[in-house]
Amino acid sequence: MSPSDSNTPTPPTLQRDADVWIEDGNIVLVAKRSVAFRLYRGLLAYHSTVFRDMFSIGSAGAEDDEKMDDIPVVHLTDPPDAFRLFLLVLISSGFSTPRWSHAKLPRQLSFPMFDAIMRIAHKYEATHVLPLLSCLLGEMADQSRRGPWGDNRVDLSDDDAFAGSRVTLYFSNDDAIDALDLTRHVGAEPSIVAAMLWQCCIQGPIYLRDGITHDADGVVRRLSEEDYVRCVRALPQLLLARRDMVLQTALSSNSLVARRPCGAKSPTCAEAFCDKYARNLPPLNLTSEGSGEVIPYDGELLWHWSRSCMCQGCYGWLLQDLRVAFKTYWCSDLPKIFQLESIST
Ligand SMILES: [Zn+2]
């Protein structure tokens with residue numbers, strides 16, 4: 001991240017980036033000694049604490065003579081493709097550059113690329129962009145709680161960092177271990193880390209043990225031994241905690257379903273539901289086939305038999321009760337079950 005090898009001349013193979021080369025830019029950044037980006041110091045300093053400090057102490061290009069088109073050069077070790085996207089995100093998010101406005105973010109953002117951008121943003125302390133990228137991790141965590149990712153996507157049009165760019169983030173089951181690693185790297189909160197561990201758990205025992213080999217680079221991603229043990233230990237507790245939470249919610253005298261009885265039935269709809277639920281627990285990797293827009297707590301009630309034992313009114317009330325209860329389960333119970341509190345200190 002700091003200027004290095006100041007006496008080494010710029011290699012002749014240096015390629016000027018086609019997207020990020022602003023003619024009146026006043027700094028040149030060279031990624032991995034191969035691709036050069038020219039842009040404004042002010043933009044970098046506005047977005048990144050690390051660049052701001054670098055420029056304010058005058059080390060950028062001051063101590064060495066390396067220049068390109070008479071502009072100071074700073075060498076960086078980041079992969080050029082990811083660094084280009086990082087710069088494009090900076091440029092397209094809230095720093096007006098009227099003389100240059102053709103930030104060309106790709107329509108499709110793969111998880112590995114998002115991963116790389118977020119690590120770069122974290123490394124350079126990009127304080128404006130990082131919270132927005134963290135929101136995307138939060139979105140992935142939300143999707144994780146709904147069941148196996150499969151081939152999932154998040155439309156980023158509403159996200160400030162990608163506003164108007166119509167970018168879609170793509171991620172799949174294969175990315176669960178990398179996503180877990182990323183949450184740790186950027187210091188995400190325990191509920192987000194737990195959601196990624198949960199995603200690993202619902203991929204099944206072979207995934208937990210052997211991980212996954214990525215087609216792109218042939219590298220095997222595997223859980224650390226510590227996380228493997230964490231997941232295996234958590235599995236039975238996850239099921240039991242969820243069962244208890246669903247039953248307690250349905251039978252609580254404070255629940256909406258209890259306070260709005262549909263009649264003097266015995267057993268009540270909620271009791272009938274609990275009886276069947278306790279005898280026929282849904283699996284951990286509960287998926288909702290057929291229904292496109294499923295929210296996590298829906299899964300419990302969409303479990304194939306549940307509608308048949310409740311009237312429509314009670315079904316609706318219990319759905320609302322579970323919505324509240326599941327929030328606690330995801331945000332508070334899961335981090336405890338995965339013992340994330342103990343490692344954060
Ligand atoms: Zn009822």
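Up top is the structure.
Everything numeric in this text was worked out from a predicted model, so none of it was measured. (Residues numbered from 1 in each chain as written. Predicted model: local features only at pLDDT ≥ 70, side-chain atom pairs only at ≥ 80, totals over all residues. Heavy atoms only, no water.)

> Got a minute to help me understand the sheet that holds strand S2 (residues 27-31) in this structure?
Ordered in space as S1-S3-S2-S5-S4, the five strands form an open sheet in which the pairing is mixed. Across the chains shown, the open sheet's two edge strands, defined by having one partner strand only, are strand S1 (15-21) and strand S4 (67-68). Here S2 pairs with strand S5 (residues 71-76) via four bridges, running parallel. Bridging across to S5, Val28 finds its partner in Val73. Most of the contacts of helix H3 (residues 80-91) go to strand S3 (residues 35-39), to which it runs at about 10°, and overall it touches S1, S2, S3 and S5. (Pairing = 2+ DSSP bridges. Helix = DSSP H or I, 4+ residues; strand = E, 2+ residues; numbered from the N terminus. Contact = heavy atoms within 4.5 Å. Axes fitted to C-alpha atoms, helices over the stretch in contact; angles between N-to-C directions.)

> What is the right way to look at unusual backbone geometry in this model?
The general pattern is negative phi for most residues beyond glycine and trans for most peptide bonds. Even without glycine at this site, Lys32 takes up a positive phi of about 50°. By secondary structure assignment, the location of Lys32 is in the loop between S2 and S3. One non-glycine residue with positive phi stands out, namely Asp69, at about 50°. With respect to the helices and strands, the residue Asp69 is situated in the loop between S4 and S5.

> I tried to follow the coordination of the zinc ion on my own but got confused; where do I start?
Each pair of donors in an ideal octahedron of six around a metal sits at 90 or 180 degrees, and each pair in an ideal tetrahedron of four sits at 109.5 degrees. Within the protein, the atoms that donate to the zinc ion are Cys262 (SG), Cys269 (SG), Cys311 (SG) and Cys314 (SG), at distances of 2.3 Å. The motif formed by the donor residues of the zinc ion, counted along the single chain, is C-x6-C-x41-C-x2-C. Placement of the pair is Cys262 in the loop between helix H10 (256-259) and helix H11 (269-279) and Cys314 in helix H13 (residues 312-337), with a sequence separation of 52 residues. Of the residues examined, Cys314 reaches a relative accessible area of 3% and is grouped as buried. (Donors = N, O, S within 2.8 Å, 3.2 Å for Na, K, Ca; no water. Buried < 20%, exposed > 50% of the residue type's maximum accessible area, 1.4 Å probe, protein only.)

> Sorry, what's going on with the packing of aromatic side chains here?
For any two aromatic rings, the description comes down to two numbers: the centre-to-centre distance and the angle of the planes. Per the counting criterion, the structure on display carries 14 aromatic pairs. Relative to Phe171, the ring of Trp149 has its centre 5.0 Å away and its plane inclined at 80°; by these criteria the two rings are edge-to-face. Within this pair, whereas Trp149 is found in the loop between helix H5 (129-145) and strand S7 (151-155), its partner Phe171 is found in strand S8 (residues 168-172), the two being separated by 22 residues in sequence. Each member of the pair Trp149 and Phe171 is classed as buried. Through successive ring pairs, a cluster of aromatic residues spans Phe37, Phe51, Phe55, Phe83, Phe86 and Tyr124. (Phe/Tyr/Trp six-rings, centres within 6.5 Å; stacked < 30°, edge-to-face > 60°.)

> What's the story with H3 in this structure? I'm lost.
Since the α-helix turns once every 3.6 residues, residues separated by three or four places project in the same direction. With 12 residues, H3 should cover 16 Å at 1.5 Å per step; its first-to-last C-alpha distance of 16 Å lies within 8% of that length. For H3, a buried count of 11 out of 12 residues is recorded, marking the element as mostly surrounded by other parts of the structure. Where H3 is concerned, the buried positions are Pro80, Ala82, Phe83, Arg84, Leu85, Phe86, Leu87, Leu88, Val89, Leu90 and Ile91. (Expected span 1.5 Å × (residues − 1).)

> Explain the side chain of Ser191 here, please?
The residue Ser191 is located in helix H7 (residues 190-201) in this model. For Ser191, a relative accessible area of 8% puts it in the buried group. Discounting chain neighbours no more than four positions away, the residues touching Ser191 are Arg145, Trp330, Cys331 and Pro335.

> I tried to follow the pattern of salt bridges on my own but got confused; where do I start?
Counted under the stated rule, the structure contains 17 salt bridges. A salt bridge links Arg184 to Asp227; the shortest N-O distance between them is 2.7 Å. Pair noted here: Arg184 is in helix H6 (residues 176-185) and Asp227 is in helix H9 (residues 225-251), with a separation of 43 residues, a long-range link. Under the relative-accessibility criterion, Arg184 is labelled partly exposed at 31%. Judged by relative accessible area, Asp227 falls into the buried class, the value being 5%. (Salt bridge = Lys/Arg side-chain N within 4 Å of Asp/Glu carboxyl O.)

> How should I be thinking about the nonpolar core in this particular structure?
Soluble globular proteins: nonpolar side chains tend toward being buried together. Core analysis: the largest hydrophobic core is formed by 98 residues, its most contacted members being Phe114 and Phe338. When residues of this core are assigned to their parent elements, the largest contribution, 10 residues, is made by H13. Contact partners of Phe338, with chain neighbours within four places excluded, come to Ala194, Leu197, Trp198, Cys201, Arg230, Cys231, Ala234 and Leu238. Ala36, Met68, Ile71 and Val73 belong to the second largest nonpolar core, which has eight residues in total. (Core = buried A, V, L, I, M, F, W, Y, C linked by side-chain atoms within 4.5 Å.)

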